[in-house]
Amino acid sequence: DQMNIGGSCMHNKYQEGMILAGTEDLDAAKAWLINECENSIEYNACTNVEALDFENIGNCDEWTIWSRIDNNLGESCMHKKYTEAMVLADTDDLEVAKVWLKSTCEAQIVYKPCTTVAALDFPNIGNCYEWTIWAAIQDQMNIGGSCMHNKYREGMVLAGTDDLETAKTWLQNTCESQIVYKACTTVESLDFPNIGGCYEWTIWGAIQDQMNIGG
């Protein structure tokens, strides 16, 4: 652009760059020019934290935040999302910017449930083991298909807490208060007349055998 203004320059832009850098090595000239630029440039933000709408972002995963920044830069923005992040965070360190963005997101986000306790159908869940409950939550999230957070976050949202252990306890207690256990076998199928002995382990064994038959 500057050479075009003069109009009479007899060499190309690469030669000009090497002259300005005081070197005959093009790579050295590139490095010098980039360094000079970085030391002088004043980046202006192309967006702002309010426009990122962290409250409704869905989750504060790094890739979600980068996507939101990228989508808000606009066609006229001259720098990339990573530079924009550093401008917004007022730092020259990308890692510091990442931490700032995540903490800012976590402070503003409002997690919304993707399912309900009623949809988990605790009366018919079978058992209230932790993995059974998480599977039920995941199954319901898969039905919706658009949930932006994982099953553990969903559990905390349903329980109204940011603490996972508290959510686990709440979910298990809620499950236990609603579940209706149904027999998988019958007394007749245990065949007590032919059990051989009424020892505790014999009875438990007979019960387990019948449960295994049912699958």
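What comes next concerns the included structure. (Residues numbered from 1 in each chain as written. Predicted model: local features only at pLDDT ≥ 70, side-chain atom pairs only at ≥ 80, totals over all residues. Heavy atoms only, no water.)

1. Some points on the overall build of the protein chain
Part 1 of the reasoning: If you tally the helices and strands in the protein chain, you get 12 helices and 0 strands.
Part 2 of the reasoning: In the protein chain, the succession of helices and strands from N to C terminus is α-α-α-α-α-α-α-α-α-α-α-α.
Part 3 of the reasoning: For 215 residues, the compact-globule formula gives about 17 Å, and the C-alpha radius of gyration of the protein chain, at 32 Å, lies well above that figure.
Part 4 of the reasoning: With the C-alpha coordinates aligned to their principal axes, the bounding extent of the protein chain is approximately 110 × 35 × 25 Å.
Part 5 of the reasoning: With 215 residues in all, the protein chain has 29% of them scored as buried.
Part 6 of the reasoning: Taking the intrachain contacts of the protein chain between residues at least 6 apart in sequence as the baseline, contacts between residues at least 24 apart amount to 56%.
Part 7 of the reasoning: Here the protein chain has roughly 14,400 Å² of accessible surface; of this, 52% comes from carbon and sulfur atoms.
Part 8 of the reasoning: For the protein chain, the distance from the average site of its 12 positive side-chain charges to the average site of its 33 negative ones is 3 Å. (Helix = DSSP H or I, 4+ residues; strand = E, 2+ residues; numbered from the N terminus. Rg over C-alpha atoms; globule rule 2.2 N^0.38 Å. Buried < 20%, exposed > 50% of the residue type's maximum accessible area, 1.4 Å probe, protein only. Contact = heavy atoms within 4.5 Å. Areas by Shrake-Rupley, 256 points an atom, 1.4 Å probe, with all protein chains shown as cover. Lys, Arg positive; Asp, Glu negative; His and termini not counted. Charge placed at Lys NZ, Arg CZ, Asp CG, Glu CD.)

2. A closer look at the pattern of salt bridges
Part 1 of the reasoning: This model, assessed by the stated rule, comprises 6 salt bridges.
Part 2 of the reasoning: For Lys98, the salt bridge is made with Glu62, and the minimal N-O distance between the two is 3.6 Å. Taken together, the residues span a long stretch of sequence, with Lys98 in helix α7 (residues 94-108) and Glu62 in helix α5 (residues 62-72) at a distance of 36 residues.
Part 3 of the reasoning: Among the salt bridges present, the one from Asp162 reaches Arg153, with a minimum N-O distance of 3.5 Å.
Part 4 of the reasoning: The exposure class of Asp162 is exposed, given its relative accessible area of 69%.
Part 5 of the reasoning: Among the charged side chains, a network of salt bridges with common partners joins Glu62, Glu95 and Lys98. (Salt bridge = Lys/Arg side-chain N within 4 Å of Asp/Glu carboxyl O.)

3. Topic: the nonpolar core
Part 1 of the reasoning: Judged by nonpolar contacts, the single largest core of 20 residues is most densely connected at Phe54, Ile57, Ile65, Ile69, Ala85, Leu101 and Cys105.
Part 2 of the reasoning: At the level of secondary structure, the elements contributing two or more residues to this core comprise α4 (49-52), α5, α6 (81-89) and α7.
Part 3 of the reasoning: Counting residues per element, this core draws most heavily on α6, at 4 residues.
Part 4 of the reasoning: Ile65 has contacts with Phe54, Ile57, Cys60, Leu101, Lys102 and Cys105, leaving out every residue within four places of it along the chain. (Core = buried A, V, L, I, M, F, W, Y, C linked by side-chain atoms within 4.5 Å.)

4. Some points on the side chain of Thr132
Part 1 of the reasoning: With respect to the helices and strands, Thr132 occurs in helix α9 (residues 130-144).
Part 2 of the reasoning: Look past the residues within four positions of Thr132 in its chain and what remains in contact with it is Ile125 and Asn127.

5. Some points on α9
Part 1 of the reasoning: Here α9 contains 15 residues, and its C-alpha end-to-end distance of 22 Å stays within 8% of the 21 Å for a straight helix at 1.5 Å per residue.
Part 2 of the reasoning: Every buried residue of α9 is listed here: Thr132, Ile133, Trp134, Ala136, Ile137 and Met141.
Part 3 of the reasoning: Buried residues in α9 make contact with α8 (117-120), α10 (151-159) and α11 (164-178).
Part 4 of the reasoning: Looking one or two places after α9, you find Gly145, whose phi comes out positive at around 80 degrees. (Expected span 1.5 Å × (residues − 1).)

6. Quick look at the packing of α6 against α7
Part 1 of the reasoning: Interaxial distance between α6 and α7 falls to 9 Å at its minimum, and their mutual angle equals 70 degrees. As judged from the angle between their axes, α6 and α7 are roughly perpendicular. For the element pair α6 and α7, the recorded crossing hand is left-handed. Residues Tyr82, Ala85, Met86, Leu88 and Ala89 of α6 form the contact with α7, whose own contacting residues are Leu94, Ala97, Trp100 and Leu101. (Axes fitted to C-alpha atoms, helices over the stretch in contact; angles between N-to-C directions. Parallel < 35°, antiparallel > 145°, perpendicular 65-115°, else oblique. Left-handed = near helix turned anticlockwise from the far one by under 90°.)

7. As for the packing of aromatic side chains
By convention here, two paired aromatic rings are described through the distance between centres and the angle between planes.
Part 1 of the reasoning: Under the criterion given, the structure shown has 4 aromatic pairs.
Part 2 of the reasoning: Aromatic side chains Tyr129 and Trp131 sit 5.0 Å apart centroid to centroid with 25 degrees between the ring planes, which places their arrangement in the stacked category.
Part 3 of the reasoning: On the basis of relative accessibility, which here comes to 46%, the residue Tyr129 falls in the partly exposed class.
Part 4 of the reasoning: Consider the rings of Tyr199 and Trp201, whose centres lie 5.0 Å apart with planes at 10 degrees: the pair is stacked.
Part 5 of the reasoning: Look at Trp201 and you get exposed, because its relative accessible area is 64%. (Phe/Tyr/Trp six-rings, centres within 6.5 Å; stacked < 30°, edge-to-face > 60°.)

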